[in-house]
Amino acid sequence: MVLEKETEEKIFLAAQRVFQKKGYDGARMQEIADEAEINKSMLHYYYRSKEKLFRKVFQAGVANIFPSIIKILDSEISLRHKVEQIVDFYYSVFDSHPYLPAFVVYEMNRNPQEFRKFIESLNFKIPDRFIEEINSEIESGRMMPVKPHHFFLSVVSLCMMPMIARQMVQAIFRLDDDGYYKFLNERKELISRIIFNGIQP
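Here is a short report on the structure shown in this document. (Residues numbered from 1 in each chain as written. Predicted model: local features only at pLDDT ≥ 70, side-chain atom pairs only at ≥ 80, totals over all residues. Heavy atoms only, no water.)

1. Points about the overall build of the protein chain
Within the protein chain, the regular secondary structure consists of 11 helices and 0 strands. For the protein chain, the α and β elements follow one another from N to C terminus as α-α-α-α-α-α-α-α-α-α-α. Overall, the protein chain is about 65 × 40 × 30 Å in size when its C-alpha atoms are taken along their principal axes. Per-residue burial for the protein chain yields a buried fraction of 40% across its 201 residues. Restricting to contacts in the protein chain with at least 6 residues of sequence separation, those with at least 24 account for 65%. (Helix = DSSP H or I, 4+ residues; strand = E, 2+ residues; numbered from the N terminus. Buried < 20%, exposed > 50% of the residue type's maximum accessible area, 1.4 Å probe, protein only. Contact = heavy atoms within 4.5 Å.)

2. Some details on the packing of aromatic side chains
Applying the stated rule across the entire model yields 16 aromatic pairs. Between Phe94 and Tyr181, the ring centres sit 6.3 Å apart and the planes meet at 40 degrees, which makes this aromatic pair tilted. A residue pair is termed long-range when its members are at least 10 positions apart, and Phe94 in helix 5 (residues 79-96) and Tyr181 in helix 11 (residues 177-198) qualify at 87 residues. Looking at Phe94, the relative accessible area reads 3%, which means it is buried. An aromatic cluster of three or more residues is present, and its members are Phe19, Tyr24, Phe54, Phe58, Phe103 and Phe115. Taking NZ or CZ as reference, Lys50 lies 4.4 Å from the ring centre of Tyr24, over its face. Geometry around Phe196 places Arg80 over its ring, the cationic atom sitting 4.2 Å from the centre. (Phe/Tyr/Trp six-rings, centres within 6.5 Å; stacked < 30°, edge-to-face > 60°. Lys NZ or Arg CZ within 6 Å of the ring centre and 35° of its normal.)

3. Here we look at unusual backbone geometry
Leave glycine aside and you will find that most residues have negative phi; peptide bonds, for their part, are mostly trans. Look at Glu37: it is not a glycine, yet its phi comes out positive at around 60 degrees. Relative to the assigned elements, Glu37 resides in the loop between helix 2 (29-36) and helix 3 (40-46). Look at Arg174: it is not a glycine, yet its phi comes out positive at around 55 degrees. Of note, Arg174 is situated in the loop between helix 10 (166-172) and helix 11.

4. With respect to the nonpolar core
The biggest cluster of nonpolar side chains holds 60 residues, and the ones touching the most others in it are Phe19, Leu53, Tyr90 and Phe151. Ignoring anything within four residues of it in the chain, the contact list for Phe19 reads Tyr24, Ala27, Ile32, Lys50, Leu53, Phe54, Val57 and Phe103. (Core = buried A, V, L, I, M, F, W, Y, C linked by side-chain atoms within 4.5 Å.)

5. As for helix 8 (residues 128-139)
Here helix 8 spans 16 Å end to end across 12 residues, near enough to the 16 Å set by a 1.5 Å rise per residue. When we look at burial in helix 8, the residues that qualify are Phe130, Glu133 and Ile134. Along the long axis of helix 8, the arc covered by the buried residues comes to 95 degrees, so they all point the same way. For helix 8, the exposed residues set more than 90 degrees away from the buried face come down to Glu132 and Glu139. Buried-residue contacts for helix 8 involve helix 4 (50-73), helix 5 and helix 9 (148-164). (Expected span 1.5 Å × (residues − 1). Arc of directions from axis to C-beta.)

6. Brief notes about the pattern of salt bridges
All told, the structure shown has 14 salt bridges when counted by the stated rule. For Glu35, the salt bridge is made with Arg17, and the minimal N-O distance between the two is 2.7 Å. Within this pair, whereas Glu35 is found in helix 2, its partner Arg17 is found in helix 1 (residues 2-26), the two being separated by 18 residues in sequence. In this structure, Asp128 engages Lys125 in a salt bridge whose closest nitrogen and oxygen atoms are separated by 3.5 Å. In this structure Asp128 comes out as partly exposed when scored by relative accessible area, which is 45%. Shared partners join several salt bridges into a network, and the residues in it are Glu51, Arg55 and Glu114. (Salt bridge = Lys/Arg side-chain N within 4 Å of Asp/Glu carboxyl O.)

Here you go:
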């Protein structure tokens, strides 16, 4: 039983690497089997179809992101610290799973109805605490009028755009891989300042 669980986890991690790098259409079951260092028949024993394995990888990738973000938004820390923690979270996810942001966006657009159904099943929503905090900042005159949803999407967009569009960023700015990661680290330090300078009343 322990060996079976270890093998299943090994396959999942291998599939995660292959799917995130190549997407559903580009991945092959044989490639996943090779990555997991098992034969293809064993792969099919644990996961009968490519679709079933992909769905598990995709849902795990998405589910890894949303609860963490919601937890930050619903915490009692200041708004500035929330933004800083969200930035840190996205950069740490990208550091450990560099293909995940582009993978999620591509597959979300490949099958939008299934993605929406899955997100709705998770029952996530912007926490009331975060909405009240934004409204309080506006009412006190410390922030220009902006809907909480726009504020949140601005933070996420500033984090994710260079990760999703990595090839474009590297091409436009003539960056090799080292230069690209240096660029990301420079940008990480700017995001909070850009957000809070931009919402000054």
